[in-house]
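Here is how the chains run, residue by residue.
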Amino acid sequence: MSSKTYNRLNINESIENSENENKNEISQENEDLKNNNENNYNKSDDEDVNNSIKNNNNNNNEKDDDDDNIKNQIILQPIIRKPKIEKKQSFLSKYLKSIIYGGMDGLVSIFVSIAVSFSSSDAKISVLLIIVLSKLVAGAISMGMGDYLGTQADIDFAKGERKREAWEVEYYLEGEKSEMIEIYTKKGIPEEVAREVVDILSLNPKGFVDVMMVEELGIMPDVESQSPWKNGLVNFTSFVFFGILPLLPYLAFLAIATATKIPSDQHLYLFLIVIGITALTLFLIGIFKAKSTNTKWYKSGATTVIFGVIGAAAGLGTVEIIKVIFPNVDISQ
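Residues numbered from 1 in each chain as written. Predicted model: local features only at pLDDT ≥ 70, side-chain atom pairs only at ≥ 80, totals over all residues. Heavy atoms only, no water.

**Examining the layout of surface pockets**
- Considered as a void within the structure, the largest pocket measures approximately 380 Å³ in volume.
- If you trace the largest pocket, you find 18 residues lining it, with K94, D222, V223, Q226 and N231 closest to the centre.
- For the lining of the largest pocket, the elements supplying multiple residues, two or more each, are α2 (91-94), α3 (96-119) and α4 (125-171).
- In terms of residue class, the lining of the largest pocket is built from six nonpolar, eight polar and four charged. (1 Å grid on protein atoms, 1.4 Å probe; cavity = no way out; pocket = protein on both sides within 12 Å on 5 of 7 lines; lining within 4 Å. Points joined across faces, edges and corners; volume = space filled by probe spheres on them. Helix = DSSP H or I, 4+ residues; strand = E, 2+ residues; numbered from the N terminus. Nonpolar A, V, L, I, M, F, W, Y, C, P; charged D, E, K, R; others polar.)

Set out below in structure tokens:
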């Protein structure tokens, strides 16, 4: 082999070795690049997963917070409900007692007078009306004056007790405080709390007296603000209004009898109408009381009718007993 040929072979081998080395380097670089890409991919995946977990946790926390807020709203809803505005006391509710007293007394007493007159067949309607109307006026005035005097007595008593309590607060404060503490502890309030409350209340002498009037004596603050003459007038008016209702059938019949010149003797159907009017009016009084006091209307109406029947039966029973004891007495004259 010549030297030229040998040199050419060496050159070819060198070129092949160089190419192989380059290929190996490129392969190694590609392998390294692939590994780096895989590592980077895995790392980015881990970050994405972690971020997803964090986002899910945050979303869950926000959802829990929303659930807690909803629960709190549901729990607090009865507490934060808009309070009802108390209406000012109406005239009817303020004078309810006088209306009931006067109405019941006028209705029942006049009915008993009519029933007693009806039991005597000889009494004419004109005579009945004279007797009953006289009783109506006298009874209304009596009830009005009685309500006036009774209300005035309540006011005078309350004012007297207020003066006494005010004097005791001024000159014997510790003794009054001890009484109030005892009252509160009997109601189940711890002594320490009761003492603290009483100490605070005693800082305002007038307010402390108001509290003692209610807690110690049972006298409400509005007693002294009542008007005796208004109570009496309401009672009088109620007595006349309800008392004249049982007389309406007789007044109407007497007017017709006078106009047509027919006998004005009593008739059974008139008395039956009076019974119906009286019972219905008693029931309506009960309904009125129930509406004013927020109670069951049918129960209040039935109770009022029962009490009215008891009162009327007592009056009629008394008349019958007197007839038995004194058989010669003629109530028709």
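Structure's up, so let's keep going.
**So, the nonpolar core**
- I114, L128, L247 and Y250 are the most contacted members of the largest nonpolar core, which totals 32 residues.
- Those elements that provide at least two residues to this core are α3, α4, α8 (228-244), α9 (248-260), α10 (268-293) and α11 (297-325).
- In terms of residue count, the dominant contributor to this core is α3 (11 residues).
- Sequence-distant contacts of I114, defined by excluding residues within four places in its chain, comprise L128, V132, P246, L247, Y250, F271 and V274.
- By size, the runner-up hydrophobic cluster in this structure holds 14 residues, among which are V198, F208, V209 and V223. (Core = buried A, V, L, I, M, F, W, Y, C linked by side-chain atoms within 4.5 Å. Buried < 20%, exposed > 50% of the residue type's maximum accessible area, 1.4 Å probe, protein only. Contact = heavy atoms within 4.5 Å.)

**A short note on the confidence of the model for the protein**
- Mean pLDDT for the protein: 77, with 69% of residues reaching 70 or above.
- Between the elements of the protein, mean pLDDT differs from a low of 51, seen in helix α1 (residues 3-76), to a high of 95, seen in α8.
- Low pLDDT (under 50) marks residues 1-9, which in the prediction has two contacts with non-local residues, meaning those over four places away or in another chain.
- Between residues 70-83, whose pLDDT stays under 50, and residues either more than four places distant or in other chains, the model counts zero contacts. (pLDDT = per-residue confidence, 0-100.)

**Considerations on the packing of aromatic side chains**
- Evaluated as defined, the whole model comprises five aromatic pairs.
- Arranged with centres 6.0 Å apart and planes meeting at 15 degrees, the rings of F111 and F271 form a pair that is stacked. Of this pair, F111 sits in helix α3 while F271 sits in helix α10, and the two are 160 residues apart along the sequence. Note on accessibility: F111 and F271 belong to one class, buried.
- Among the aromatic residues, ring-to-ring pairing joins F283, W297 and Y298 into one connected group. (Phe/Tyr/Trp six-rings, centres within 6.5 Å; stacked < 30°, edge-to-face > 60°.)

**Focus on the pattern of salt bridges**
- Per the counting criterion, the structure on display carries 12 salt bridges.
- Here R195 ties to E191 by a salt bridge, and the two come within 3.0 Å at their closest N and O atoms. A residue pair is termed a helical-turn pair when its members lie 3 or 4 positions apart in one helix, as R195 and E191 do in helix α6 (residues 191-201) at four residues.
- On the basis of relative accessible area, R195 is assigned to the partly exposed category, the value being 40%. (Salt bridge = Lys/Arg side-chain N within 4 Å of Asp/Glu carboxyl O.)

**Some points on the side chain of K177**
- Residue placement: K177 occurs in helix α5 (residues 173-186).
- Classification of K177 by relative accessible area gives buried; the value is 11%.
- Apart from residues lying up to four places away in sequence, K177 is in contact with V198, D199, S202 and F208.

**Quick look at the packing of α10 against α11**
- Contact geometry for α10 and α11: axes closest at 7 Å, N-to-C directions at 135 degrees. Considering their axes alone, α10 and α11 lie oblique with respect to each other. Handedness of the crossing formed by α10 with α11: right-handed. Counted together, A279, L282, F283, I285, G286, I287, K289 and A290 of α10 and W297, Y298, S300, G301, A302, T304, V305 and G308 of α11 form the full contact between these two elements.
- Classifying every residue of the contact of α10 with α11 gives 10 nonpolar, five polar and one charged. (Axes fitted to C-alpha atoms, helices over the stretch in contact; angles between N-to-C directions. Parallel < 35°, antiparallel > 145°, perpendicular 65-115°, else oblique. Left-handed = near helix turned anticlockwise from the far one by under 90°.)

**A word on the side chain of S109**
- Mapping S109 onto the fold places it in helix α3.
- From its side chain, S109 meets the backbone oxygen of D105 in a polar contact 2.5 Å long.
- Contacts of S109, omitting those with residues within four sequence positions, involve K135 and F239. (Polar contact = N/O pair within 3.5 Å; in protein donor to acceptor, adjacent residues only side chain to side chain.)

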